[in-house]
Number of protein chains: 2
Amino acid sequence: MKQQFESLNCDERKKALDVFEAIKNRRSVRAFTDEPVSDTKIRKLIDAARRAPSAGNIQPWEFVIIRGQEVKRELCKVAGNQNFIEEAPVVIVVCANTLRSEHGYGSRGVTLYCLQDTAAATQNMLLAAQAMGLATCWVGAFSEEEVIKVLNIPKSIRPVAIIPVGHPARKPKIRLRRPLNEIIHHEIFGRK
Amino acid sequence: MKQQFESLNCDERKKALDVFEAIKNRRSVRAFTDEPVSDTKIRKLIDAARRAPSAGNIQPWEFVIIRGQEVKRELCKVAGNQNFIEEAPVVIVVCANTLRSEHGYGSRGVTLYCLQDTAAATQNMLLAAQAMGLATCWVGAFSEEEVIKVLNIPKSIRPVAIIPVGHPARKPKIRLRRPLNEIIHHEIFGRK
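None of these values were measured; they are calculated from a predicted model.

## A short note on the overall build of chain A
Part 1 of the reasoning: Counting its regular elements, chain A contains seven helices and five strands.
Part 2 of the reasoning: Ordering the α and β elements of chain A from the N terminus gives α-α-β-α-α-β-α-β-α-β-α-β.
Part 3 of the reasoning: If one aligns the C-alpha atoms of chain A with their principal axes, the spans along those axes are about 50 × 45 × 30 Å.
Part 4 of the reasoning: Residue burial in chain A is summarised as follows: out of 192 residues, 56% are buried.
Part 5 of the reasoning: Sequence-distant contacts in chain A: of pairs separated by 6 or more residues, those separated by 24 or more amount to 76%.
Part 6 of the reasoning: Total accessible area on chain A is roughly 8,300 Å²; 49% of this is exposed by carbon and sulfur atoms.
Part 7 of the reasoning: Side-chain charges in chain A split into 30 positive and 21 negative, and the spacing between the mean points of these groups amounts to 4 Å.

Written out as structure tokens, the structure is:
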């Protein structure tokens, strides 16, 4: 680790380590304690989310913050009964505002950019949570149609992720990653 | 800022600040100096990328690292002649391995998860770069078909982002963000 940062000064190295530490230590947590999460912290997460880059700085994101038990229960149901969604003190539903992206970029905006932009925003949120000692899980398996009904989401807004936020009740598992040499390609992808 | 982290201990607060600082200070940089970027640093960026969460931990990402001037020039051409792509000492093309996602999740894997997963990985990379003093720009406007030809990318692999990496030649502009109160919705999206 040390060697990889040798050309950075002390301050830069410390920051790089902290950012990398958050990136490395973030885990999907699927069990939460009752400990509440303040509105201030949730706003901080959304503030981190909106700092993400977006195509043309269009910022095609909307965030629904849910604390009510009944709505959380409904979300849990339409996400294949993943019970930890209901357990979390706060659930954030990340939505893509496809209209904003369509205005800027047509169909590539709708089918690509607004999904990438909201995913980058979500990742910022997960890392900020990790750094703040909060636990999260990126849930993608749900019926969009049903979430739209539950949250009264208007046309042209698409729910793209459900993020339960809380304090971890269990130590999450370490998941292995594909080796670097398998995912890195030099100059071209295949042999020409 | 202080107030927002008051329930964290000193060490946690410091980390949260560094992570948030990287998130906040990252900018799209479109002018690079000649200063080279070592392979070690590039591997560190890819290592950060692969730590991203992915649906079912499928990790549908591949990274092509380009240093050759000729390939960079070709990429620049098929990305609407955005000249800074050619200027950067290293260009990373992020690809989505749609086959991996399709195996796990069918069409939702191809049209949603593998785009989100690679976007989260890309965002990790941009933040790690920021923390290491490197500059990047997330380029999404390019002909996928042409990039596939230039890099000899096989079927079922889709180039989703071009990321030039280098040292900034100019101070990048600050881009405003939509206000929190516009993007935050409570309990439901609209009025029921």
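Structure's up, so let's keep going.
## Here we look at the pattern of salt bridges
Part 1 of the reasoning: Applying the stated criterion to the full structure yields 20 salt bridges over all chains.
Part 2 of the reasoning: Among the charged side chains, a network of salt bridges with common partners joins Glu62 and Arg100 of chain A together with Arg178 and Glu182 of chain B.

## Section: the sheet that holds strand S2 (residues 90–97) of chain B
Part 1 of the reasoning: Sheet architecture is open: five strands sit in the order S5(A)-S1(B)-S2(B)-S4(B)-S3(B), paired in mixed fashion. The open sheet has two edge strands, strand S5 (184–186) of chain A together with strand S3 (135–136) of chain B, and neither has a second partner.
Part 2 of the reasoning: Along the sheet face, helix H2 (residues 39–50) of chain B touches S5 of chain A together with strand S1 (61–66), S2 and strand S4 (157–166) of chain B and points at about 165 degrees away from the line of S1 of chain B.
Part 3 of the reasoning: Helix H6 (residues 144–151) of chain B rests against S1, S2 and S4 of chain B of the sheet, and its axis sits at about 75 degrees to S4 of chain B.

## Notes on the packing of aromatic side chains
Part 1 of the reasoning: Enumeration according to the criterion identifies two aromatic pairs over all chains in this entry.
Part 2 of the reasoning: Judged by centre distance (5.0 Å) and plane angle (90 degrees), the ring pair of Tyr105 of chain A and Tyr113 of chain A falls under edge-to-face.
Part 3 of the reasoning: Using a relative accessible area of 35% as the deciding quantity, one classes Tyr105 of chain A as partly exposed.
Part 4 of the reasoning: The residue whose ring lies beneath Lys44 of chain B is Phe20 of chain A, and the NZ or CZ to ring-centre distance is 3.8 Å.
Part 5 of the reasoning: Its end group placed over the ring of Phe142 of chain A, Arg108 of chain B keeps NZ or CZ at 5.1 Å from the ring centre.

## Digging into the interface of chain B and chain A
Part 1 of the reasoning: Listed by partner, the interface residues are 89 residues for chain B and 89 residues for chain A.
Part 2 of the reasoning: A per-residue breakdown of the area chain B buries against chain A is headed by Arg178, Glu187 and Phe189 of chain B, which together make up 9% of the total.
Part 3 of the reasoning: There are six salt bridges connecting chain B and chain A.
Part 4 of the reasoning: Arg108 of chain A is the partner of Glu144 of chain B in a salt bridge, and the nearest nitrogen-oxygen pair spans 2.7 Å.

## Thoughts on the nonpolar core
Part 1 of the reasoning: Within the largest apolar cluster, 86 residues are counted, with the highest numbers of intra-cluster contacts made by Leu45, Ile46, Phe63 and Ile92 of chain A together with Leu45, Phe63 and Ile92 of chain B.
Part 2 of the reasoning: When neighbours within four sequence positions are excluded, Leu45 of chain A is seen to be in contact with Ile92, Met125, Ala128, Ala129, Met132, Leu134 and Val165 of chain A.

## Some points on helix H2 (residues 39–50) of chain A
Part 1 of the reasoning: Between its first and last C-alpha atoms H2 of chain A spans 16 Å; for 12 residues at 1.5 Å apiece the expected length is 16 Å, and the two agree.
Part 2 of the reasoning: Among the 12 residues that make up H2 of chain A, nine are buried, leaving the element largely enclosed by the rest of the structure.

## Remarks on the side chain of Asp47 of chain B
Part 1 of the reasoning: With respect to the helices, strands and loops of the structure, Asp47 of chain B is situated in helix H2.
Part 2 of the reasoning: Classification of Asp47 of chain B by relative accessible area gives buried; the value is 10%.
Part 3 of the reasoning: Here the side chain of Asp47 of chain B touches Arg50 of chain B through a polar contact of 2.7 Å, side chain to side chain.
Part 4 of the reasoning: Reaching out from Asp47 of chain B, the side chain makes a polar contact with the side chain of Arg51 of chain B at a distance of 3.2 Å.
Part 5 of the reasoning: Residues contacting Asp47 of chain B, with those up to four places away along its chain left out, are Phe20 and Leu180 of chain A.

Reading guide: rules and limits
Numbering of residues begins from 1 in every chain and follows the order in which that chain's sequence is written. Whichever chain is written first is A, and whichever ligand is written first is 1; the rest continue in order. Totals for whole chains, interfaces and linings use every residue, but because this is a predicted model, local features are given only for residues with pLDDT of at least 70 and side-chain atom pairs only at 80 or more, for both listing and counting. As a rule here, side-chain values cover all heavy atoms of the structure and leave hydrogens and water aside. Helix and strand definitions here come from DSSP, where helices need a minimum of 4 consecutive H or I residues and strands a minimum of 2 consecutive E residues; each element is numbered from the N-terminal end. For each residue, the accessible area found with a 1.4 Å probe, counting protein chains only, is set against the maximum for its type, and the residue is called buried under 20%, exposed over 50%, and partly exposed in between. It only takes one pair of heavy atoms within 4.5 Å for two residues to be counted as in contact. In short, Shrake-Rupley with a 1.4 Å probe defines the accessible areas, and a residue's cover is counted only from the protein chains shown. Charged residues are defined narrowly, with Lys and Arg counted positive, Asp and Glu counted negative, and His plus the chain ends left uncounted. Think of each charge as sitting on NZ of Lys, CZ of Arg, CG of Asp or CD of Glu. Counted as salt bridges are all cases of a side-chain nitrogen of Lys or Arg within 4 Å of a carboxyl oxygen of Asp or Glu. Two strands make a pair as long as DSSP finds a minimum of two bridges between them. To obtain each axis, a line is fitted to C-alpha atoms, and for helices this fit is confined to the stretch in contact; angles are then taken between N-to-C directions over 0 to 180 degrees. Note on aromatic contacts: the rings of Phe and Tyr and the six-membered ring of Trp form a pair at centre separations within 6.5 Å, being stacked when their planes are under 30 degrees apart, edge-to-face when over 60 apart, and tilted otherwise. When the NZ atom of lysine or the CZ atom of arginine is within 6 Å of a ring's centre and also within 35 degrees of its normal, the charge is said to sit over that ring. Once two parts are brought into contact, the accessible area they lose, counted with a 1.4 Å probe and summed over both, makes up the buried area. Think of a nonpolar core as a cluster: buried Ala, Val, Leu, Ile, Met, Phe, Trp, Tyr and Cys residues, connected wherever their side-chain atoms sit within 4.5 Å. For a helix, the expected span equals 1.5 Å multiplied by the residue count minus one. We call two N or O atoms a polar contact when they sit within 3.5 Å, provided that within protein one can donate a hydrogen and the other can accept it, with sequence-adjacent residues counted only if both atoms are side-chain atoms.

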